[in-house]
Amino acid sequence: MQNKNISVAVIKRLPRYYRYLGELLAHDVVRISSKELSEKMGVTASQIRQDLNNFGGFGQQGYGYQVEYLYTEIGKILGLDRKNRLIIIGAGNLGMALANSMSFEKRGFEFAGIFDVDPKVVGKNVRNHTVLHIDGLEQFLNENPVDIAALTVPKAQAPQLAALLVKCGVNAIWNFTPTDLNLPPHVVQENVHLTESLMRLSYKKRAAEEEA
């Protein structure tokens, strides 16, 4: 991959390309043109070519894209060719839903543990892992390398837990809490603010109704 700044919009589209290409592979599709891919994804063929040219292009004029090769290369760009160990902090409804519904292993992630403070859930089995008490989080991190931590805890708890994660060497945080975390520059985060997403949907709905 070329070392240059890639726009956030392009990065957001990469997982969609990966998903659609995976579906094509499942249907034994060998090659596809940018036009055909654009019709499936609702993105213009020109946009697809521009996006992929950020990483070298991958296509051949008059042939299109070799589906398996492009799928593999986008997986590498997304870091899915390496194993990432992931833990979940917070075993409430959202944390449990993440743990039980995500196909971590199929995407190159290893589910390594889940933590909570509620005695009603500590000790339960989730995907062959016992829910551990959060008091043991620091010791766990010191003994087990973890690449990514998902935070699904109340807002007030998030900053302190994030600081502990960083202190123990976790450099990527998947933040589901309704707050922005102030993290050191070397730590990356992906914020998934569900209420904000719902408000964006509400805006789109209102705008569509005004245009109708």
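Numbering of residues starts from 1 in every chain and runs along the sequence as written. In keeping with the model being predicted, local features are shown solely for residues with a pLDDT of at least 70 and side-chain atom pairs are shown and tallied solely at 80 or more, while totals for entire chains, interfaces and linings include all residues. Excluding hydrogens and water, the side-chain figures rest on all heavy atoms present in the structure.

1. What about the overall build of the protein?
Threshold: A run of DSSP states H or I qualifies as a helix once it reaches four residues; a run of E qualifies as a strand once it reaches two. Both are numbered from the N-terminal end. Using a 1.4 Å probe, the Shrake-Rupley method yields the accessible areas, and only the shown protein chains count as cover for residues. Positive: Lys, Arg. Negative: Asp, Glu. His and the chain ends are not part of the count. Charge positions come from single atoms, namely NZ of Lys, CZ of Arg, CG of Asp or CD of Glu.
Of regular secondary structure, the protein possesses eight helices and 10 strands. Across its three principal directions, the C-alpha atoms of the protein cover 60 × 45 × 35 Å. With the model as given, the accessible surface of the protein reaches about 12,900 Å², and the carbon-plus-sulfur share is 50%. Each charge class in the protein can be summarised by its mean position, and for the 24 positive and 22 negative side chains these summaries are 4 Å apart.

2. Here we look at the pairing of strand S4 (residues 109-116)
The following threshold applies: Per-residue accessibility, obtained with a 1.4 Å probe over protein chains only, is compared with the maximum for each type, and a residue is labelled buried under 20%, exposed over 50%, and partly exposed between these values. A pair of strands is considered paired only if DSSP assigns at least 2 bridges between the two. Look down the strands so they point away from you; if going from the first strand over the helix to the second traces a clockwise path, that crossover is right-handed.
Across the eight residues that make up S4, a large majority, six, are buried. For strand S3 (residues 84-89) and S4, the ladder comprises six bridges, and the chain directions are parallel. Among the inter-strand pairings, Ile-88 is bridged to a residue of S4, identified as Ile-114. Crossover handedness for the path S3 to helix H5 (residues 93-101) to S4: right-handed. For S4 and strand S7 (residues 132-133), the ladder comprises two bridges, and the chain directions are parallel. Bridged to Asp-116 within S7 is His-133.

3. Brief notes about the nonpolar core
Let me state the cut-off plainly: We define a nonpolar core as any set of buried Ala, Val, Leu, Ile, Met, Phe, Trp, Tyr and Cys residues linked to one another through side-chain atoms lying within 4.5 Å. Whether two residues are in contact is decided by their heavy atoms, any of which lying within 4.5 Å being enough.
Ile-87, Ile-89, Leu-137, Leu-141, Leu-151, Leu-165 and Ile-173 are the most contacted members of the largest nonpolar core, which totals 24 residues. Looking at this core, the elements with two or more residues in it are S3, S4, helix H6 (137-143), strand S8 (148-151) and helix H7 (158-167). The biggest single contributor to this core is H7, with six residues. With residues up to four places along the chain from it excluded, the contact list for Leu-137 reads Ile-87, Ile-89, Phe-115, Leu-161, Leu-164 and Leu-165. If you look at the next biggest cluster of nonpolar residues, it comprises 22 residues, including Val-10, Val-43, Leu-70 and Ile-74.

This is a description of form; function is not addressed.
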